[in-house]
Amino acid sequence: MTRPLKILVILGSVREGRMALPVGNWVMDQAAARDDLACELVDLKAWNLPFFPHPRPPAAGGYADPLQISWAEKIASADGYILIAPEYNHSSSAVLKNALDTVFAEWNRKPVSYVAYGGAGGARSVEQLRMTSIALEMAPLNSAVHLIRPGAKRDGDRFNGDNYDEKALAALFDELAWWGRTLKAGREG
């Protein structure tokens, strides 16, 4: 058996009472049953990344800020990503977009998928995140989970997905594992 792929599950909200934490916990619980993925929950609230203030664009490399360097190391350590993507005002959250924009090369040639919620199941957030992911030279995957009425499936800090949600997440994991292995082989080859 090959080593499991390291997948960062990034919580895309820092709001008080956010849905991202229960949804992220649910993703982690479901992923724990797999032996091909090793997921790590990354909370942007704990990272407290400033809105990008640095003079050099991330695509130029040469990061100087210690927090930016630490974020780059965290992102570089992964084989792929699942973005927990709320939809705010027909778009992704500013904090998630900022986290994506803070570094560049570390995202390149790695798969990314989305577990979204909000209006229309977070579809408009995912649309915009796919465009950003392409600009970051990531491989945005077709499989995504769009949670409908997630508040009705929430119990405190826990989210209880229904059969539809669980099947969609299983398909996301399968696609992420395949693309993760394929792109990792390409990066290492």
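I keep staring at the overall build of the chain and nothing clicks. Help me out?
From N to C terminus, the chain includes 6 helices and 8 strands. Counting helices and strands in the order they occur from the N terminus, the chain gives β-α-β-α-α-β-β-α-β-α-β-β-β-α. Scaling as 2.2 N^0.38, a compact globule of 189 residues should have a C-alpha radius of gyration of about 16 Å, and the chain matches this with 16 Å. With respect to the principal axes defined by its C-alpha atoms, the chain has extents near 45 × 40 × 25 Å. Looking at the chain residue by residue over its 189 residues, the buried ones come to 50%.

Help me understand helix H4 (residues 94-101) in this model?
Residues separated by three or four positions in an α-helix point in the same direction, a consequence of the helix having 3.6 residues per turn. Residues Leu96, Asn98, Ala99 and Leu100 constitute the buried set of H4. Where the residues of H4 are buried, they touch strand E1 (5-11), helix H2 (44-47), helix H3 (66-76), strand E3 (80-88) and helix H5 (123-135).

Before we go on, may I ask you to explain the environment of lysine 97 in this structure?
Along the polypeptide, lysine 97 turns up in helix H4. You can call lysine 97 partly exposed: its relative accessible area is 31%. With residues near it in sequence (within four places) discarded, lysine 97 still touches Ser92 and Thr132. A polar contact of 2.7 Å, which involves the side chain of lysine 97, links it to the side chain of aspartate 101.

Reading guide: rules and limits
Residues numbered from 1 in each chain as written. Predicted model: local features only at pLDDT ≥ 70, side-chain atom pairs only at ≥ 80, totals over all residues. Heavy atoms only, no water. Helix = DSSP H or I, 4+ residues; strand = E, 2+ residues; numbered from the N terminus. Rg over C-alpha atoms; globule rule 2.2 N^0.38 Å. Buried < 20%, exposed > 50% of the residue type's maximum accessible area, 1.4 Å probe, protein only. Contact = heavy atoms within 4.5 Å. Polar contact = N/O pair within 3.5 Å; in protein donor to acceptor, adjacent residues only side chain to side chain.

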